[in-house]
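Take a look at the letters that make up each chain.
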Amino acid sequence: MRVPGGGEYTVFIKEAPGALKSITEKGDLEVPSGTKSFTVYVLDKRSGYAGRKTVDAAAIPAELAFTSADFRLLQRVEVVVTGKGD
């Protein structure tokens with residue numbers, strides 16, 4: 001797995017809960033067995049954005065790459081509402 005350089009990322013496979021891994025540019029993940037497909041999530045710790053890709057277990061690429069354009073999901077949103085006088 002390859003991610004944009006210069007960042008700090010947390011990577012996990014949705015179908016393999018509890019297998020969080022921290023990477024900076026490259027890393028390896030263990031593919032879950034017994035699934036037809038699986039979803040890889042990459043969370044950018046600095047920006048708060050996340051990316052995901054679904055992979056067919058029968059056609060796993062040699063390297064799964066994420067680019068900056070793949071990080072379109074929000075990891076966390078905080079909404080603060082104030083009223084008059086706050």
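Residues numbered from 1 in each chain as written. Predicted model: local features only at pLDDT ≥ 70, side-chain atom pairs only at ≥ 80, totals over all residues. Heavy atoms only, no water.

1. Remarks on a nonpolar patch on the surface
Put simply, the rule is: Note that patches include only residues with greater than 30% relative accessible area and no salt bridge, and the join distances are 9 Å for like charges and 5 Å for nonpolar side chains (Val, Leu, Ile, Met, Phe, Trp, Tyr). In these tables, accessible area is a Shrake-Rupley quantity obtained with a 1.4 Å probe, and a residue counts as shielded only by the protein chains included in the view. Just to be clear on terms, a salt bridge is a Lys or Arg side-chain nitrogen sitting within 4 Å of an Asp or Glu carboxyl oxygen. Comment: elements are numbered from the N terminus, with helices defined as DSSP H or I runs of at least four residues and strands as E runs of at least two. Between buried and exposed lies partly exposed: a residue is buried under 20% and exposed over 50% of the maximum accessible area for its type, with that area taken using a 1.4 Å probe on protein chains only.
Taken together, the side chains of Tyr-49, Leu-74, Val-77, Val-79 and Val-81 present a nonpolar region at the surface, about 540 Å² in accessible area. With respect to the secondary-structure elements, Val-81 resides in the segment after strand 5 (73-74). When its relative accessible area of 73% is taken as the criterion, Val-81 is described as exposed.

2. Some points on the pairing of strand 4 (residues 49-56)
Put simply, the rule reads: For two strands to pair, DSSP has to find at least two bridges joining them.
The pairing of strand 3 (residues 37-44) with strand 4 spans seven bridges and is antiparallel. Bridged to Phe-38 within strand 4 is Val-55. Counting the residues between successive antiparallel strands, the hairpin from strand 3 to strand 4 contains four residues, one of them, Gly-48, with a positive phi of roughly 90°.

3. Comments concerning the environment of Asp-56
Residue placement: Asp-56 occurs in strand 4. Residues Asp-56 and Thr-35 lie 21 residues apart in sequence; the distance between their C-alpha atoms is 8.8 Å.

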